[in-house]
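Descriptive analysis of the structure
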Protein chains: 2
Amino acid sequence: MLNLKAQPLTPEAFEPFGDVIDSRSANSFPINGGRTQRYHDLASVEILGDGGRPLISIFVSQPVQVPLAVDCLERHPLGSQAFIPLHGEQFLIVVAPPGDAIDPQSVRAFITDGHQGINYRAGTWHAVHSVLDHEGEFLVVDRGGPGHNCDEKPVEILVNLE
Amino acid sequence: MLNLKAQPLTPEAFEPFGDVIDSRSANSFPINGGRTQRYHDLASVEILGDGGRPLISIFVSQPVQVPLAVDCLERHPLGSQAFIPLHGEQFLIVVAPPGDAIDPQSVRAFITDGHQGINYRAGTWHAVHSVLDHEGEFLVVDRGGPGHNCDEKPVEILVNLE
């Protein structure tokens, strides 16, 4: 059993796994005559394989219990997957870098601050979506289309908050 | 001067212009062992032209005054553009169907209910983003890449709430 404490999510710590989507930390410029500030191109949307296309979906998720027992990680080899909270929801993230094996030393756990969304790079191992406290609603941008786009691997991980 | 009253946004009324993104009205199925309900593929993401790619960005917009005076509509011929409120923001929408001319008879104004996002079809004429009441933050999925992707046309439209 691997015991992890969830660390505060930062773009630097999440870099091996994907992007943090957050207007506080990004490149921006004014548009619409100055009425709008555009925080531009915050995530690398990856759509791989023949016939792939980007999807916009909403996930409505029930909250997890903490400590969070994770018995499986999954990856999507053909596309990235972005999650953005629609009502300030905080969520837990458990990830391992792309690769056919999961090295326990490389597994990381993070907690978001409610303002942050994330984008898993194609192939990044991750736990299923784990919202804290109460039911949550998330905007999801991922890949649709033919091809095998989900692998699962059993793990034994217990995640606590700090 | 065209005077319009903003109508409540519905998927049916918005169909000529694009998609309403809303978990209350969509096709869904359970995933993650039942912990999550996936409201699937809520918008047609269009990425046209050579070298186009989907972008995820955040728009932070200052509120408009009502009645809203609209002196210009714009369109993006090479891609769709989706706006999803990140904190329940309501916004005004002024649209006309794709085509080189804007027929005043075909212009429509809508108001969202705070839970709804929208996706403008490629080529749909629309006013710049118009959030009500207070500063708003929106997740935007649109197209990046080379090519001419914004046309503007002068109009004279005044939009009131009902």
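Residues numbered from 1 in each chain as written. Chains lettered and ligands numbered in written order. Predicted model: local features only at pLDDT ≥ 70, side-chain atom pairs only at ≥ 80, totals over all residues. Heavy atoms only, no water.

Just so we agree on the cut-off: UniProt positions are given in the numbering used here, feature names are shortened, and annotations may be inferred rather than shown by experiment.
Per an unreviewed UniProt entry, chain A carries the name Ureidoglycolate lyase and comes from Marinobacter iranensis. In its Subunit (unreviewed entry) section, the UniProt entry covering chain A states "Homodimer."

1. Some details on the overall build of chain A
The following threshold applies: For the purposes of this entry, the term helix denotes a DSSP run of H or I that reaches at least four residues, the term strand denotes a run of E that reaches at least two, and both are numbered from the N terminus. We take the radius of gyration over the C-alpha atoms and set the globule estimate at 2.2 Å times the residue count to the 0.38 power. Think of it in three bands: residues with accessible area under 20% of the maximum for their type are buried, residues over 50% are exposed, and the middle band is partly exposed, with areas taken using a 1.4 Å probe on protein chains only. Pairs of residues are marked as contacts when any of their non-hydrogen atoms sit within 4.5 Å. Reported accessibility uses the Shrake-Rupley method at a 1.4 Å probe radius. Residues are deemed covered only where the shown protein chains occlude them.
Each helix and strand in chain A was counted, giving 1 helix and 15 strands. Computed over C-alpha atoms, the radius of gyration of chain A comes to 16 Å, within 12% of the 15 Å expected from 2.2 N^0.38 for 162 residues, which places it in the range of a compact globule. Counting only C-alpha atoms and orienting by the principal axes, one finds that chain A spans roughly 55 × 40 × 30 Å. Counting over 162 residues, chain A shows a buried share of 53%. When contacts within chain A are restricted to residue pairs at least 6 apart in sequence, those whose partners lie at least 24 apart make up 83%. Total accessible area on chain A is roughly 6900 Å²; 49% of this is exposed by carbon and sulfur atoms.

2. Here we look at the confidence of the model for chain A
The predicted coordinates should not be examined in detail at positions where pLDDT is low. Threshold: pLDDT runs from 0 to 100 and stands for how confident the predictor is about each residue.
Per-residue confidence for chain A gives a mean pLDDT of 97, with 100% of residues at or over 70. Both scores are available for the predicted complex, with the pTM at 0.97 and the ipTM at 0.96.

3. Let's talk about the sheet that holds strand 8 (residues 81–85) of chain A
Quick note on the threshold: The pairing criterion for strands is at least two bridges between them, as found by DSSP. Only the contacting stretch of a helix is used when fitting its axis, a line to C-alpha atoms as for every element, and angles between N-to-C directions run 0 to 180 degrees.
Sheet architecture is open: 7 strands sit in the order 3(A)-11(A)-8(A)-14(A)-6(A)-5(B)-4(B), paired in antiparallel fashion. Bordering the open sheet on either side are strand 3 (18–21) of chain A together with strand 4 (28–31) of chain B, each of which pairs with just one other strand. Strand-to-strand, the axes of this sheet are offset by a mean angle of 25°, without reference to chain direction. In the sheet, strand 3 of chain A pairs with strand 11 (residues 117–120) of chain A via 4 bridges, with the strands oriented antiparallel. Counterpart to Val20 of chain A in the pairing with strand 11 of chain A is Ile118 of chain A.

4. Description of the relation of the copies chain A and chain B
Related by rotation about an axis and a shift along that axis, the two copies of the chain form a pair. For clarity, the threshold we go by: The fit set for superposing copies consists of C-alpha atoms from residues with pLDDT of at least 70 in both; the fit itself is least squares.
Of the transformation placing chain A onto chain B, the axial shift is 0.0 Å and the rotation is 180°, giving an RMSD of 0.0 Å. With respect to symmetry, the two chain copies, as superposed, fit the operation of a two-fold axis. No C-alpha of chain A approaches the rotation axis more nearly than that of Leu86 of chain A, which lies at 2.3 Å. Most of the interface of chain A is mirrored in chain B: 100% of its interface residues are interface residues there too.

5. A few points about the interface of chain A and chain B
A common way to report how large an interface is uses the accessible area buried once the components associate. Rules: Buried area: the accessible area, evaluated with a 1.4 Å probe, that two parts lose upon being put together, summed over both parts. By convention in these notes, a salt bridge is any Lys or Arg side-chain nitrogen within 4 Å of a carboxyl oxygen on Asp or Glu. Here a polar contact means two N or O atoms within 3.5 Å. Within protein one must be a hydrogen donor candidate and the other an acceptor candidate, and residues neighboring in sequence count only if both atoms are side-chain atoms. The residue classification treats Ala, Val, Leu, Ile, Met, Phe, Trp, Tyr, Cys and Pro as nonpolar and Asp, Glu, Lys and Arg as charged. All others, Gly included, are polar.
With 41 residues of chain A at the interface, the matching set in chain B holds 41 residues. Between chain A and chain B lies a buried interface of about 3500 Å² when both sides are counted; carbon and sulfur atoms form 57% of it. Our enumeration of links across chain A and chain B arrives at 4 salt bridges. Here Asp41 of chain B makes a salt bridge to Arg53 of chain A, at a shortest N to O gap of 2.6 Å. On inspection of chain A and its partner chain B, the count reaches 23 residue pairs in polar contact (both at pLDDT 80 or more). Top element by residues in the side of chain A that touches chain B is strand 6 (residues 53–61) of chain A. It accounts for 9 residues. Among the residues forming the side of chain A that touches chain B, the class breakdown is 20 nonpolar, 14 polar and 7 charged. Two strands pair when backbone bridges link them, and strand 5 (residues 36–39) of chain A and strand 6 (residues 53–61) of chain B are joined in this way by 4 bridges, in the antiparallel orientation. If you follow Arg38 of chain A over to strand 6 of chain B, its bridge partner there is Phe59 of chain B.

6. A closer look at the packing of aromatic side chains
Aromatic ring pairs: the centre-centre distance and the angle between the two ring planes describe each pair. Here is the rule we go by: The aromatic pairing rule takes the rings of Phe, Tyr and Trp, using the six-membered ring of Trp, and pairs them if the centres are within 6.5 Å, calling planes under 30 degrees apart stacked, those over 60 edge-to-face and the rest tilted.
Considering all chains together, one arrives at 14 aromatic pairs over all chains under this definition. Both rings, one in Phe91 of chain A and one in Phe138 of chain A, keep their centres 5.3 Å apart while their planes meet at 85°; by these two values the pair is edge-to-face. With Phe91 of chain A in strand 9 (residues 91–96) and Phe138 of chain A in strand 14 (residues 136–144), this residue pair connects regions lying 47 residues apart in the sequence. In this structure Phe91 of chain A comes out as buried when scored by relative accessible area, which is 0%. Residue Phe138 of chain A is classed as buried on the basis of its relative accessible area of 0%. Look at Phe14 of chain B and Tyr120 of chain B: their rings are 6.4 Å apart centre to centre, the planes differ by 50°, and that puts the pair in the tilted class. Pair noted here: Phe14 of chain B is in helix 1 (residues 11–14) and Tyr120 of chain B is in strand 11 (residues 117–120), with a separation of 106 residues, a long-range link. Exposure remark for Phe14 of chain B: the relative accessible area of 0% places this residue in the buried category. What makes Tyr120 of chain B buried here is its relative accessible area of 4%. Put simply, the rings of Phe14, Phe17, Phe59, Phe83, Phe110 and Tyr120 of chain A touch in pairs and so form one group of aromatic residues.

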